[in-house]
Amino acid sequence: SLGMEETTAIIVTSDNGIGMGENGIFAKQVFTDYVTRVPLFIRVPWIDSSLYAGKTTPAYAQLVDVYRTILEIGEVNPSEIAPDVTSQSLLPLLY
C-alpha cells in the first residue's frame with residue numbers, strides 16, 4: 001500500500017451523452033432529467049465523510065463547478081489560473 005487513500009481526492013462523473021433516441025428525443029433540444037443530470041461522486045479523505053456519506057443534495061451544479069472544486073481541493077486559487085471562468089466550488093455541499 002502506498003498510503004494514497006488518505007491523501008488522494010477522488011471525483012467520478014460523466015457526460016450525459018448526445019441523446020440517441022431515448023424517450024424519442026435526439027440531441028439535447030429538450031431539458032429532461034436524463035439530459036440535465038449526470039452522476040457525481042466526490043470523496044475527499046481529509047473531510048469527515050460521516051457528514052456526507054450516502055447523502056444526496058437537491059442543489060444544482062454544473063460540470064464547470066467540478067473544475068473549481070478540484071482547484072480548491074488542491075489549494076490553488078482559481079482566479080490566478082482562469083479568472084474568466086465563472087463557477088462555484090462544490091466543497092461547501094460536503095459540510
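**Considering the overall build of the protein**
Right, so step 1: Secondary structure summary: the protein contains 3 helices and 2 strands in total.
Right, so step 2: Each helix (α) and strand (β) of the protein, taken in turn from the N terminus, gives the series β-α-β-α-α.
Right, so step 3: Across the 95 residues that make up the protein, the buried fraction comes to 21%.
Right, so step 4: Summarising the internal contacts of the protein: among those between residues at least 6 apart in sequence, 55% fall at separations of at least 24.
Right, so step 5: Counting every atom, the protein has about 7,200 Å² of accessible surface; 57% of that belongs to carbon and sulfur.

**A look at the environment of Leu91**
Right, so step 1: Looking at the element boundaries, Leu91 is found in the segment after helix 3 (78–81).
Right, so step 2: As for Leu91 and Val44, which are separated by 47 residues in sequence, their C-alpha atoms are 9.2 Å apart.

**Focus: the layout of surface pockets**
Right, so step 1: Within this model, the largest pocket holds a volume of roughly 1,100 Å³.
Right, so step 2: Taken together, 27 residues form the lining of the largest pocket, with Val38, Leu40, Thr57, Ala59 and Ala61 sitting closest to its centre.
Right, so step 3: Those elements that provide at least two residues to the lining of the largest pocket are helix 1 (33–36), strand 2 (40–43) and helix 2 (63–73).
Right, so step 4: If one sorts the elements of the lining of the largest pocket by residue count, strand 2 sits on top with 3 residues.

What counts as what
Residues numbered from 1 in each chain as written. Predicted model: local features only at pLDDT ≥ 70, side-chain atom pairs only at ≥ 80, totals over all residues. Heavy atoms only, no water. Helix = DSSP H or I, 4+ residues; strand = E, 2+ residues; numbered from the N terminus. Buried < 20%, exposed > 50% of the residue type's maximum accessible area, 1.4 Å probe, protein only. Contact = heavy atoms within 4.5 Å. Areas by Shrake-Rupley, 256 points an atom, 1.4 Å probe, with all protein chains shown as cover. 1 Å grid on protein atoms, 1.4 Å probe; cavity = no way out; pocket = protein on both sides within 12 Å on 5 of 7 lines; lining within 4 Å. Points joined across faces, edges and corners; volume = space filled by probe spheres on them.

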